[in-house]
Amino acid sequence: MKSFFKIIGTLLLLLILAGGIFFAIKNEALPIGEQGIEADALATKMLKAMDVEAFKSTEILEWNFRNKHHYKWFKNNDSVLVSWGGNKVLLNLKNPHKSSVSVNTKKETDSELIETATAYFNNDSFWLVAPYKVFDQGTERRIVKQEGKASLLVTYTSGGTTPGDSYLWKLDENGMPISFKMWVDIIPVGGIEASWDQLKMTQSGIQLPTSHTLSLFGMQLAIGAIAAYNPNADQLAKEVLKAIHHEAYQETTHLEWSFGGRRFYNWNKRDHIVSVRWDSIQVVLHPNDIEKSSLFINTKSTLSKKEELITQAMHYFNNDSFWLVGPHKLFEKGIQRSIRKENEQNALYVKYTTGGSTPGDAYLWILDENHLPKSFKMYVPSMKMEGISATWDDWIKTESGTLLPTNHSFGKGRILNMGNVKGTRQ
């Protein structure tokens, strides 16, 4: 028996020694950083890289944490449905005492389950959206320079479940987070690192992590069933389509218009073949099979500069057709929709992630009381446009029954006329 206890004591001693060695090797002291303008600028750069405006306008987020805790966060009304086991808590984030609880579908009044759900949400949502929280109330930001590179140290002095926690964010050259190191109350070893690079682009336009790898024994934290979407924005977009008679647009087979009297279009929309004319040039454009396109100069077919001029015609068509049918494109592939406020009214923000000549462009549509577009603000990085405004005026109902604009106006009285706009069914 004595030898048994001697063996147990030896094993315990070895475990303690191993733990001490591990702590000595892995434990890092919290780095010292400097608060101020530079730190806040780095935090702002990270928020911009992560598209914080898209996060602010995201309406609903769904995910699970290690397939144990499941969430549906109604972000626009500060509530979240938290479920685990047979428990469900509809958590009121502003007034937790107003939360509702059910256990195995039976309603309960259990304050402990509300506290548990709150703790779960505070922890598990951090692993999903932490970069967006760097300016939360009670945060302090410091810049830490190591090996000539700047990292962002964020300390949460209040809020959450464990105030006092600190996180050192490592960023790439564009401000995107790569990983962070933690100094947190629940982990005795300081400086444990977690990755932040397995990102998924969601419908609302924000990138969320699907898993994290920890430097602590290579542990994996899986985040599943991720979704972020904007049903109210989608409904607003549908109201716009209704206002402009989009169903009739879908049945329209031919469109004609001009762009400021400089370029002229005849679009066989059914077969997607476009005649583009400017100066002495005509291109019969086949956007879906560009090799079939043909070039005419002074009405004569030619191969001279064919590739260059067909490319130019494609660029013209992408730009000039948008000024005619832009609102009809709200549900095309690669488009993110969200609601943003403009003069205290709902406006529809639309970002094009694919397609056209300059993916990444975005437009904020300002609508009248009937949801008809009356203007938009343009955000076009390639042209350094940041909120340039233009009106959508003089809508007409075409022969085919759809609505299209005939004029646009800009600052200083500039007018863009769309010519004799026609829409027919043939």
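Residues numbered from 1 in each chain as written. Predicted model: local features only at pLDDT ≥ 70, side-chain atom pairs only at ≥ 80, totals over all residues. Heavy atoms only, no water.

Pulling in residues and values, what's your account of the overall build of the chain?
Of regular secondary structure, the chain possesses seven helices and 30 strands. A compact globule built from 426 residues would reach a C-alpha radius of gyration of about 22 Å, whereas the chain, at 29 Å, exceeds it by more than 25%. With the C-alpha coordinates aligned to their principal axes, the bounding extent of the chain is approximately 105 × 55 × 45 Å. Looking at the 426 residues of the chain, the share that counts as buried comes to 45%. Of the accessible surface of the chain, which amounts to about 23,200 Å², a share of 52% is contributed by carbon and sulfur atoms. (Helix = DSSP H or I, 4+ residues; strand = E, 2+ residues; numbered from the N terminus. Rg over C-alpha atoms; globule rule 2.2 N^0.38 Å. Buried < 20%, exposed > 50% of the residue type's maximum accessible area, 1.4 Å probe, protein only. Areas by Shrake-Rupley, 256 points an atom, 1.4 Å probe, with all protein chains shown as cover.)

Residues and numbers for the nonpolar core, please.
Ranked by size, the top nonpolar core spans 54 residues in total, and within it Leu61, Trp63, Trp127, Trp169 and Phe180 carry the most contacts. Not counting residues up to four positions away in its chain, the partners in contact with Trp63 are His69, His70, Tyr71, Trp73, Phe121, Asp124, Ser125, Leu128, Ile223, Gly224, Ala225 and Ile226. (Core = buried A, V, L, I, M, F, W, Y, C linked by side-chain atoms within 4.5 Å. Contact = heavy atoms within 4.5 Å.)

Could you give me a rundown of the sheet that holds strand β8 (residues 149–156), with the residues and numbers involved?
Taking strand neighbours across the sheet as the criterion, the five strands line up as β7-β8-β9-β10-β11 in an open arrangement whose pairing is antiparallel. At either margin of the open sheet sits one strand with a lone partner, and together these are β7 (139–146) and β11 (192–195). Averaged over all neighbouring strand pairs, the angle between strand axes comes to 25°, with direction disregarded. Bridge analysis of β7 against β8 gives eight bridges, and the strand direction is antiparallel. For Arg141, the partnering residue across the bridge sits in β8 and is Val154. Taken strand by strand, helix α2 (residues 37–49) contacts β7, β8, β9 (166–171) and β10 (177–183), and its axis lies near 95° from that of β7. Docked against the sheet, helix α4 (residues 111–129) engages β8, β9, β10 and β11, running at close to 150° with respect to β10. (Pairing = 2+ DSSP bridges. Axes fitted to C-alpha atoms, helices over the stretch in contact; angles between N-to-C directions.)

How would you explain the packing of aromatic side chains if you had to name every residue and give the values?
Two numbers describe a pair of aromatic rings. These are the distance of the centres and the angle of the planes. Going through the model one piece at a time under the given rule, you end up with 34 aromatic pairs. Between Trp323 and Trp392, the aromatic rings sit 6.2 Å apart at their centres with planes inclined by 10°, giving stacked as the arrangement. Highlighted residues: Trp323 in helix α7 (residues 306–325) and Trp392 in the loop between β25 (385–391) and β26 (396–397), separated in sequence by 69 residues. The pair Trp323 / Trp392 is uniform in exposure class, with both members buried. (Phe/Tyr/Trp six-rings, centres within 6.5 Å; stacked < 30°, edge-to-face > 60°.)

Explain the pairing of strand β1 (residues 60–65) to me, and be specific about the residues and the numbers.
Across the six residues of β1, five count as buried, placing the element largely inside the fold. With six bridges joining them, β1 and strand β2 (residues 69–74) adopt antiparallel strand pairing. Residue pairing in the sheet places Trp63 in a bridge with Tyr71 of β2. Between the end of β1 and the start of β2, which pair antiparallel, lie three residues, with Arg66 showing a positive phi angle near 55°. Two strands pair when backbone bridges link them, and β1 and strand β14 (residues 220–229) are joined in this way by five bridges, in the antiparallel orientation.

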